[in-house]
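Observations on chain architecture
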Amino acid sequence: MKVSIGGPLKMIFRPWVEGLENVPAEGPAILASNHLSFSDSFFLPAVLDRKVTFIAKAEYFTTPGVKGRLTAAFFKGVGQLPVDRSGARGAGEAAVKSGIAVLESGELFGIYPEGTRSPDGRLYRGKPGGLARVALATGAPVIPVAMIDTEKIQPPGQVVPKVMRPGIRIGKPLDFSRYQGMEHDRFVLRAVTDEVMYEIMRLSGQEYVDIYATAAKRQIADAAKAEKEAEKAAKAALAQAAKDQAEKDKSET
C-alpha cells in the first residue's frame, strides 16, 4: 500500500513535512493528530517509513458484496483496525483495547483525539477516553501531529480532489510517565488530553473551540435545519399573502 497508494500520493500532491525526526525508528508510539479530512489517514502513513495503524468503523469491513470485500481489503491494507461503534461505551473500550494491542506489539498507533473530522477547520476539544487511557496503560510516548490544509483537497461532497500541497507538522514526543497507573482518574485523563490538544493547536495554528466536534456538528445541522424551515415558512407566508391579495383584488372588481 505504501508503494501503490503512498507513492502516487507523494508524487501528485507533494506533501511537505516537518519533524520527521520526532517519530522513533522503532518501538511503540502514539501519533495523536487533528482530523480535517478523510485523506488524513493516507497522507500521514505515506510520509513515514513505518506502518501506522488507525481504528475505523466496523462497517468498512463487513459490507457484503464485491464492493464490500474490496473496501475491506483496502482498509486492511492501509493499516485500519475494525471497531464496532454501536454504543459509545463499547466503542471506547474496543478502541482502547485495539490501541494497547498495537503498541504492545511495538508498532505505531494513530488516533484522532477529536473523535471525528472537524466540521469547519477549527480544532475541537479532545475526548479523554481513548488517547489518554492508551497512553497511560502502555507508557508509550504521545507524538502530536498537525495535518494542514488537507480539508481543502477534498471538502465534503466534492468527488474530484484538488491537487495542492498539504502539510504535516510533527511535534516532539510527550512523556506522561508521571501519571502511570492513573488511567482511571478522569481528571488525569482530561489533563493528558488537554496537554496533547494544546500541542496540536500550537503546531497547526488552528483556532481552538472548547466543545466536542460531535456537538458542533449537531449545532451546525440544527442551524441548517432551522434555516431551511425558516425559508419554507417565509415562502409559505409570501404565497399566502399573494393569495390573499389576489382574492382581495377579485372581490374589489
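In short, a report on the structure.

What counts as what
Residues numbered from 1 in each chain as written. Predicted model: local features only at pLDDT ≥ 70, side-chain atom pairs only at ≥ 80, totals over all residues. Heavy atoms only, no water. Axes fitted to C-alpha atoms, helices over the stretch in contact; angles between N-to-C directions. Helix = DSSP H or I, 4+ residues; strand = E, 2+ residues; numbered from the N terminus. Parallel < 35°, antiparallel > 145°, perpendicular 65-115°, else oblique. Contact = heavy atoms within 4.5 Å. Nonpolar A, V, L, I, M, F, W, Y, C, P; charged D, E, K, R; others polar. Buried < 20%, exposed > 50% of the residue type's maximum accessible area, 1.4 Å probe, protein only. Arc of directions from axis to C-beta. Phe/Tyr/Trp six-rings, centres within 6.5 Å; stacked < 30°, edge-to-face > 60°.

What follows deals with the packing of helix H1 (residues 2–13) against helix H2 (residues 40–47). H2 packs onto H1 with a crossing angle of 95° between their chain directions and a minimal axis gap of 9 Å. Accordingly, the angle class assigned to the pair H1 and H2 is roughly perpendicular. Residues Lys2, Gly6, Leu9, Lys10 and Phe13 of H1 form the contact with H2, whose own contacting residues are Phe42, Phe43, Pro45, Ala46 and Val47. Tallied by class, the residues present in the contact of H1 with H2 amount to seven nonpolar, one polar and two charged.

Regarding H1, the residues found buried are Gly6, Leu9 and Phe13. The buried residues of H1 occupy an angular sector of 70° when projected down its axis, which confines them to one face. Away from the buried face of H1 by more than 90 degrees, exposed residues Val3 and Met11 are located. Considering only its buried residues, H1 is in contact with H2 and helix H7 (150–153). Downstream of H1 by one or two residues, Arg14 has phi in the positive range, about 50°.

Once that is clear, we can look at the packing of aromatic side chains. Evaluation of the coordinates by the stated rule reveals three aromatic pairs. Seen from their ring centres, Phe13 and Phe43 are 5.5 Å apart, and the 90° between their planes marks the pair as edge-to-face. Linking Phe13 in helix H1 with Phe43 in helix H2, this pair joins segments that are 30 residues apart in sequence. When the centroid spacing of 5.4 Å and the interplanar angle of 55° are considered together, the rings of Phe38 and Phe42 count as tilted. Overall, Phe38 belongs to the partly exposed group, its relative accessible area being 37%. With relative accessibility at 13%, the residue Phe42 sits in the buried group.

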